[in-house]
Amino acid sequence: MPFTPPRAPDPRVRRLTTTLYGYAFLEDFVLLYPVYALLFSDTGLTVWQISSLFALWSVTGVLLEVPSGVWADAVSRRLLLRLGPLLTAAGFALWVLVPSYGAFAAGFVLWGAGGALASGALEALVHDELERLDAADRYARIMGRARAAGLVAVMAAMALAGPVLDRGGHSAVGAASILACLLTAATALRFPEHRSPATGHRRWTAPLRDGLAEARADRSVRGALLLVPAVGAVWGALDEYTPLLVRETGVADGTVPHLLLLIWAGATAGSLLAGEGERLGTNGLAALLAGAGLALAVGTLTGTPAGLVLVALAFGGFQAATVLADARLQRRIEGTGRATLTSLAGLGTELTTVAVFGGYALIASHSPHSTAFAVFAAPYLVTAALVAGARTATRPEAGKGPREPGR
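Since the model is a prediction, treat every value here as computed from it, not as a measurement.

A. Representation of the overall build of the protein. Within the protein one finds 17 helices and zero strands. Within the protein, the proportion of its 407 residues that are buried is 51%. For the protein, long-range pairs separated by at least 24 residues make up 83% of all intrachain contacts whose partners lie at least 6 apart in sequence. Put simply, the protein shows about 17400 Å² of open surface, and 65% of that area lies on carbon and sulfur atoms.

Printed below as a string of structure tokens:
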């Protein structure tokens, strides 16, 4: 049998992925991340005020999520990936220059707008470019690595935030964060984009109409749309309270960023393993969600730093499941409204996140943060049961032909 050498990597795929990884890293290399929740608390803001800021952040995303997705299908997605970080930089500048509840609120509005511009546009651009290069089957693996690059950036920011804060105060931390946003916008210029959006009136109406029509016509698309917020919203909201959870274990404030590194190391591992997770199929995804939910509940209720190891494992499972849910949705979209449908899933995530912020504030106002985290582990057990139940309900009868694996 003749030897067939392995196919050389396509340089076009390499350019796309290296740009994506750089963009993802710089987007999350924000030294303000590990300190802003503590800053709000130390400034005198109550749990309700802090939660209202997070809710305002999410409400901004709710209002702009779908319009920005339609915009991403109508114009250049690369343009939106450049504009988003610039808005975020402006928000961080407000936080540093005029720190107050009003400035924090305005900054979150700008940050929410910047995130909405990139949401949907990034996934759609990457998937369409991979599909053009006959590499769409690598989407989950590539996006998992991109998420991992972002989490590595978060951990690097956590490691550097303390020393930079000690040397230069909040001004230095803010300046470094703004610089990272500007570099993110510059990196977006390297993204390839080969598409011809519609022109005229159809340019703005077609993506939304086509996306909604596909969701109505295809039950699997609807299911994938619902799975994305079910998986990503709760732990995405809990993320904002992890510094307070860590502080509640009794460690000094200077130790908080180091223990946050442990949690995000778990999430990073989950991102890197997401590509392998596609082999799990639907039942495996349900087991992953259930296991992560149980780990979160047990780890937080211990109330000790050692219990954060289980929290790290839980966040790893949630991160992997989030990437897999997105990949499942992208596989099912066949029309021209990819960014629009991705943004619809993002809208569901934002709405659910707002509800979690409100519920968290209600629980944490009368109970420890550990109790609130444990309560919000329950939705993952419910989602796991629904995913497994849907798999059983769609199992074909004997003699009706084989099932498609992993669907």
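B. How the structure looks around the pattern of salt bridges. Considering all chains together, one arrives at three salt bridges under this definition. The shortest N-O distance in the salt bridge between Asp128 and Arg77 comes to 2.8 Å. Of this pair, Asp128 sits in helix 6 (residues 121-132) while Arg77 sits in helix 4 (residues 77-97), placing them 51 residues apart in sequence. By relative accessible area, Arg77 is classed as buried at 2%. The salt bridge partner of Arg132 is Glu129, with a shortest N-O separation of 3.4 Å.

C. Region of interest: helix 5 (residues 101-118). Given a rise of 1.5 Å per residue, 18 residues ought to cover 26 Å, and the 26 Å separating the end C-alpha atoms of helix 5 matches this to within 8%. Within helix 5 the residues assigned to the buried category are Ala103, Phe104, Ala105, Gly107, Phe108, Trp111, Gly112, Ala113, Gly114, Ala116, Leu117 and Ala118. Remark: Gly120 follows helix 5 within two positions and exhibits a positive phi of approximately 90°.

D. The arrangement of the nonpolar core in detail. Counting 79 residues, the largest nonpolar core has Tyr36, Phe40 and Trp264 as the members making the most contacts within it. The element contributing the most residues to this core is helix 9 (residues 219-238), with ten residues. By size, the runner-up hydrophobic cluster in this structure holds 28 residues, among which are Ala24, Ala135, Ala146 and Ala188.

E. Highlighting the side chain of Thr60. Structurally, the position occupied by Thr60 is in helix 3 (residues 47-74). A polar contact of 2.9 Å, which involves the side chain of Thr60, links it to the backbone oxygen of Leu56. If near-sequence neighbours (up to four positions away) are discounted, Thr60 is found in contact with Val109, Gly112 and Ala113.

F. Looking closely at the packing of helix 11 (residues 256-272) against helix 14 (residues 308-332). Running from amino to carboxyl end, helix 11 crosses helix 14 at an angle of 30°, the nearest separation of the two axes being 7 Å. For the pair helix 11 and helix 14, the sense of crossing is right-handed. In contact with Leu259, Leu262, Ile263, Trp264, Gly266, Ala267, Gly270 and Ser271 of helix 11, helix 14 contributes Leu308, Val309, Val311, Ala312, Phe315, Gly316, Gln319 and Ala320. Here the residues of the contact of helix 11 with helix 14 sort into eleven nonpolar, five polar and no charged.

G. Here's a closer look at unusual backbone geometry. Unlike most non-glycine residues, Asp134 shows phi in positive territory, near 55°. Mapped onto the fold, Asp134 is located in the loop between helix 6 and helix 7 (139-187).

H. Region of interest: the packing of aromatic side chains. Under the criterion given, the structure shown has 23 aromatic pairs. Between the aromatic rings of Tyr36 and Phe108, the centroid separation amounts to 6.1 Å while the plane-to-plane angle is 80°, which identifies the pairing as edge-to-face. One end of the pair, Tyr36, is in helix 2 (residues 33-42); the other, Phe108, is in helix 5, and 72 residues separate them in sequence. An identical accessibility class is assigned to Tyr36 and Phe108; each is buried. Every member of this aromatic cluster is reached through a ring pair, and the members are Tyr33, Tyr36, Trp57, Phe92, Trp95, Phe104, Phe108 and Trp111.

I. Fine view of the side chain of Gln319. With respect to the helices and strands, Gln319 occurs in helix 14. Using a relative accessible area of 7% as the deciding quantity, one classes Gln319 as buried. Ignoring anything within four residues of it in the chain, the contact list for Gln319 reads Arg147, Leu151, Trp235, Ala267, Gly270 and Ser271.

J. Structural view of the environment of Ala267. For Ala267, the position within the fold is in helix 11. Exposure remark for Ala267: the relative accessible area of 0% places this residue in the buried category. Between the C-alpha atoms of Ala267 and Leu151, which are 116 residues apart in sequence, the distance is 7.2 Å. If sequence neighbours within four positions are ignored, Ala267 has contacts with Leu151, Ala312, Phe315, Gly316 and Gln319.

K. Expanded view of the confidence of the model for the protein. Chain-level pLDDT for the protein is 83 on average; 87% of the residues reach the 70-or-more range. Per-element averaging of pLDDT across the protein places helix 8 (residues 202-217) at the bottom with 63 and helix 16 (residues 369-375) at the top with 94.

L. Region of interest: a nonpolar patch on the surface. Taken together, the side chains of Trp71, Leu79, Leu83, Leu86 and Leu182 make up a nonpolar region of the molecular surface, amounting to roughly 380 Å² of accessible area. Per element, the largest residue contribution to the nonpolar patch is three residues, and it comes from helix 4.

Cut-offs and rules
- Residues numbered from 1 in each chain as written.
- Predicted model: local features only at pLDDT ≥ 70, side-chain atom pairs only at ≥ 80, totals over all residues.
- Heavy atoms only, no water.
- Helix = DSSP H or I, 4+ residues; strand = E, 2+ residues; numbered from the N terminus.
- Buried < 20%, exposed > 50% of the residue type's maximum accessible area, 1.4 Å probe, protein only.
- Contact = heavy atoms within 4.5 Å.
- Areas by Shrake-Rupley, 256 points an atom, 1.4 Å probe, with all protein chains shown as cover.
- Salt bridge = Lys/Arg side-chain N within 4 Å of Asp/Glu carboxyl O.
- Expected span 1.5 Å × (residues − 1).
- Core = buried A, V, L, I, M, F, W, Y, C linked by side-chain atoms within 4.5 Å.
- Polar contact = N/O pair within 3.5 Å; in protein donor to acceptor, adjacent residues only side chain to side chain.
- Axes fitted to C-alpha atoms, helices over the stretch in contact; angles between N-to-C directions.
- Left-handed = near helix turned anticlockwise from the far one by under 90°.
- Nonpolar A, V, L, I, M, F, W, Y, C, P; charged D, E, K, R; others polar.
- Phe/Tyr/Trp six-rings, centres within 6.5 Å; stacked < 30°, edge-to-face > 60°.
- pLDDT = per-residue confidence, 0-100.
- Patch = residues over 30% accessible without salt bridge, like charges linked within 9 Å, V, L, I, M, F, W, Y side chains within 5 Å.

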